[in-house]
Structures are given as structure tokens and as C-alpha cells.
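Here's the letter readout for the chains.
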Amino acid sequence: MTATHPGAVVAGGLDVARLRHDFPVLRAVVNGRPLAYLDNGATSQKPRAVVEAESDFALLENANVHRGVHTLSQRATARYDAVREQLRRFLNAAVADEIVFTSGTTAAINLVAQSYGRSVLRPGDEILLSEMEHHSNIVPWQLVAEAVGARIRAIPVTGTGELDLDAVPALLTDRTRIVAITHVSNVLGTVNPVRRIADLAHAAGAVVLVDGAQGVPHLPVDVQALGADFYVASAHKMYGPTGVGFLYGRLALLEAMPPWQGGGGMIQTVSFEGTTYAPVPARFEAGTPPVCQVMGLGAAIDYLGQLDWAAVQRHEAELLGYAIERVGTVPGVRFIGTAREQVGVLSFVLEGIHPHDVGTVLDLHGVAVRASHHCAQPLMRRFGVSGTVRASFALYNTRAEVDQLVGGLREARKVFGS
Ligand code: PMP
């Protein structure tokens, strides 16, 4: 059963009602209510064009890449590499060889940790993270730090959910080799001053990895302007498919990095006496890549490319402002994260009610949010909570969905008392 959500309007110059037609799942009915999908930080919905790009490829053009002389394989290879070029433009990378396809953000960070990290880190070296990192930007570094005897340090987070920049100079030492920070916090929505941190890191002789998982869905990204040496993200949070993401790496860094995973596609010659490796980016794409999903990612970039980004950003900012105002009227709400620059995400707790209970009541109202530690346990500890309720927004969300969220929160208040 489906229903049209009543709040689909023209907002901030963006024709949200028309856009919503591109996402059939948004017409779903959940527990008798129109779905209000506010879990975009976990995964965004996919427009029809993305799913069709994947299914058309699978049904009509499927072939493996880089291996065949036959026509279908050559076509698939050309299209696969065309998406690499699309990503180059999308991120303003200097050359397409700086883009490595991975299975997502997590895989991309592990790649950098195990290849770059393992080759440069020496015992006593330091890796600087922040207290607001997703576990995906903590645990891969811990694994390599343990293996080489390096040390992890973390930039503290202020009470408003911003990085404490005053603490950075003292944390950057002559032993710091890598600084890895998130572009946008998946819990707080804080947009971090990446360029400033990158400048400080570079002056200290460190390289900078930016976790862009929550950046690319909301902000135009220019890896060169950001000063990122590595930038990573997942397609499924930017209206694309699961199972694919990317690593951007500065060419000189990638070229100096040893392979991490071995297999087909990443070699030049193999013999039992010794193997030589393919140039980048193939060196880091061992095995059959997610070819269908890469086609879907290309369609997602096309989809984003035809939107008026200024209008998208205006709409998302208006919606977040509206959500802060309306959710703030619910008795006992405490926001976790009130940064000056915030996009896409609103986290809060309802005093006296466990976030899971809030999430369950909201689900009965057709509202999909996340209620957990959001894979950011150090940040939960920083704010003294076990978890939060997180509403996360996409370009297709509406004020009516925010109202539905607020209705559900008032109901949770009633059910669980104050
Ligand atoms: N970093 C951040 C900031 C995220 O929000 C997420 C996903 N929640 C990840 C990394 C991990 O992304 P994936 O699971 O797609 O690898």
C-alpha cells in the first residue's frame, strides 16, 4: 500500500514534490502512517534512475571489466572508467587515477590504514583522530597502531559538539604522521573546519584523511580546496547503491603506497619468484569490482549533478532549522550537538526515556529514525549518554515529516510519562 505524503512542497526553490516521485519507497505506508524516512545518515533512499542503471547494466550489458577482448567487456570497462572520471569531476580531483573504487567508506579507510599507515608508521609515531569519529575511522587505525607500535590521540569535542581547535597544536607533534577526521559528524551534524586542520597537519608534516561519508550527501566537495590527502565516502549515503564507495588519494601518495589486498586485476606479472604490481588505481582494486553498483553510482552522480545545489542546501538548512525549532518544543528534549555549522543531522535525548523506546514509538508513527550509539561510542561517553535519537535528513524530506516526528515524540512523552 502506498500514500502520497501531504508535506511535499516547493521549498527553498527546490521542487520537493516532484523529486519525491523519483523515490518510490517514500510512498510507503508504515504502521498505518505515511513513511517519514529520517534515517538518511544510515542510508539514503535511491532514485529510480540509480536502480535502473544497475538493472539495465545487469540485464542488458553485463560483463566483467579489464579482462576481456570481447565487445561487452570492453564496453563495461569504458563505462566503469567513465564513472571514475565522473567522480574525479565531482570531487575536483586532479586526475581520474586518484580515484579508487572500494566497497565503501570502511573499506577505503582500512585500505589507507593498512597500505599507507603500515608503510610509514614507526614505533612511537602518532595518529591523530577526533572524539567525534565513527568507529570506521577509529578501529582501522587501532589495528595498524597495534601492529606497528604507534599511538592514537584524539582531538576533544566541545560542549556544543565542535572540535576544540585550541587543543590541536599541542596534539600535533613531530611524531604525528596521520590526521584522520570526519568532514561532517554522523551524530552531531557538525561540519568540521577541514581546511584549517589540514593546514595545521601539513605544517606538522602529517597527511590528512577526511571521512566524507556524511559530507558528500550535503556539501559540494572539492578535495583540493579542502587540503585532503585522502577523502573517502560510500555511495549508499549519496543516493547510490550499497556495496560501492571510493577512496580519493593524492596521486604521489597512492603511487608510493604498497598493495594491500592481492588478487586478479592488481598485478602486472605473476610468477612464483616474484610478482609485480599494476599502476594505481588498479593496484588497489584486487578482484572483480562491484561493476553493477559502479553504474548505479554513476547514475547517482548524474542525478545530483542535475539539481540546483544552492537550492538543495537552502532546503536542507531550512528543514534542519525547522526541526530544531519544533523538536525543541517537546518537553524534556536535550539536543546533543548545537554547532554553528551543522548539516543533515539532529541528535537528541528525551530525558527519562531510553532512545530505543523513543525509536519504537516513532516507528509506530511511521517515522524512521536511528536510536543508538551511532557507531560513535567515544562521543557518547563524551556527552555522558548511552545513545541518542537521530533524525537525519535528505533533499526529499519535508516539514510535514518533521511534524510527524514531533507528533511521535509527544506520544512517547505521554506513553512513558515525564
Ligand atoms: N563514517 C561515517 C561518518 C559514517 O556515518 C559511516 C556510516 N554510518 C561510516 C563512516 C561507515 O560507512 P560504511 O558503513 O558505508 O562503510
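Just above, that's the structure.
Now for a look at the structure at hand. Computed from a prediction, not measured in an experiment: that's the story for all the values here.

Rules used in this analysis
- Residues numbered from 1 in each chain as written.
- Predicted model: local features only at pLDDT ≥ 70, side-chain atom pairs only at ≥ 80, totals over all residues.
- Heavy atoms only, no water.
- Near = heavy atom within 4 Å.
- Polar contact = N/O pair within 3.5 Å; in protein donor to acceptor, adjacent residues only side chain to side chain.
- Areas by Shrake-Rupley, 256 points an atom, 1.4 Å probe, with all protein chains shown as cover.
- Nonpolar A, V, L, I, M, F, W, Y, C, P; charged D, E, K, R; others polar.
- Core = buried A, V, L, I, M, F, W, Y, C linked by side-chain atoms within 4.5 Å.
- Buried < 20%, exposed > 50% of the residue type's maximum accessible area, 1.4 Å probe, protein only.
- Helix = DSSP H or I, 4+ residues; strand = E, 2+ residues; numbered from the N terminus.
- Domains from an automatic or database assignment.
- Pairing = 2+ DSSP bridges.
- Axes fitted to C-alpha atoms, helices over the stretch in contact; angles between N-to-C directions.
- Contact = heavy atoms within 4.5 Å.
- Left-handed = near helix turned anticlockwise from the far one by under 90°.

**Examining the site of the ligand**
Thinking step 1. Around the ligand, the neighbouring residues are Thr105, Thr106, His134, Ser136, Thr182, Asn186, Asp211, Ala213, Gln214, Ser234, His236 and Lys237.
Thinking step 2. A distance of 2.7 Å is found between an oxygen atom of the ligand and a side-chain nitrogen or oxygen belonging to Gln214.
Thinking step 3. In isolation the ligand has 390 Å² of accessible area, and contact with the protein removes 84% of it.
Thinking step 4. Grouping the amino acids of the shell around the ligand by side-chain chemistry returns 1 nonpolar, 9 polar and 2 charged.

**Observations regarding the nonpolar core**
Thinking step 1. Of all hydrophobic cores here, the largest spans 74 residues; its most connected members are Val179, Tyr231, Phe246, Leu297 and Leu395.
Thinking step 2. The leading source of residues in this core is helix H10 (residues 291-305), at 7 residues.
Thinking step 3. Structurally, this core is a two-domain feature, drawing no fewer than three residues from each of domain 1 (16-46 + 308-415) and domain 2 (51-305).
Thinking step 4. Judged by nonpolar contacts, the second largest core, of 28 residues, contains Tyr116, Trp141, Val207 and Phe284.

**Notes on the sheet that holds strand S7 (residues 126-130)**
Thinking step 1. The strand order S6-S12-S11-S10-S9-S7-S8 describes an open sheet built from 7 strands, whose pairing is mixed. Looking at the sheet topology across the chains shown, the edges are occupied by strand S6 (99-102) and strand S8 (151-155). With strand direction ignored, the average angle separating the axes of adjacent strands in the sheet is 20°.
Thinking step 2. In terms of strand pairing, strand S10 (residues 207-211) meets strand S11 (residues 230-234) through 3 bridges, oriented parallel. Bridge pairing in S11 places Leu209 opposite Phe230.
Thinking step 3. Here helix H5 (residues 139-148) sits on the sheet in contact with S7, S8, strand S9 (176-182) and S10, set at roughly 165° to S7.

**Here's the deal with the packing of helix H2 (residues 48-61) against H10**
Thinking step 1. Packing of H2 against H10 brings their axes to within 8 Å, and their N-to-C directions diverge by 145°. Judged by the sense of rotation from one axis to the other, the crossing of H2 with H10 is right-handed. Contacts between H2 and H10 involve Ala49, Val50, Ala53, Glu54, Phe57 and Ala58 on the former and, on the latter, Val291, Cys292, Gln293, Met295, Gly296, Ala299 and Ala300.
Thinking step 2. Its residues assigned to classes, the contact of H2 with H10 shows 10 nonpolar, 2 polar and 1 charged.

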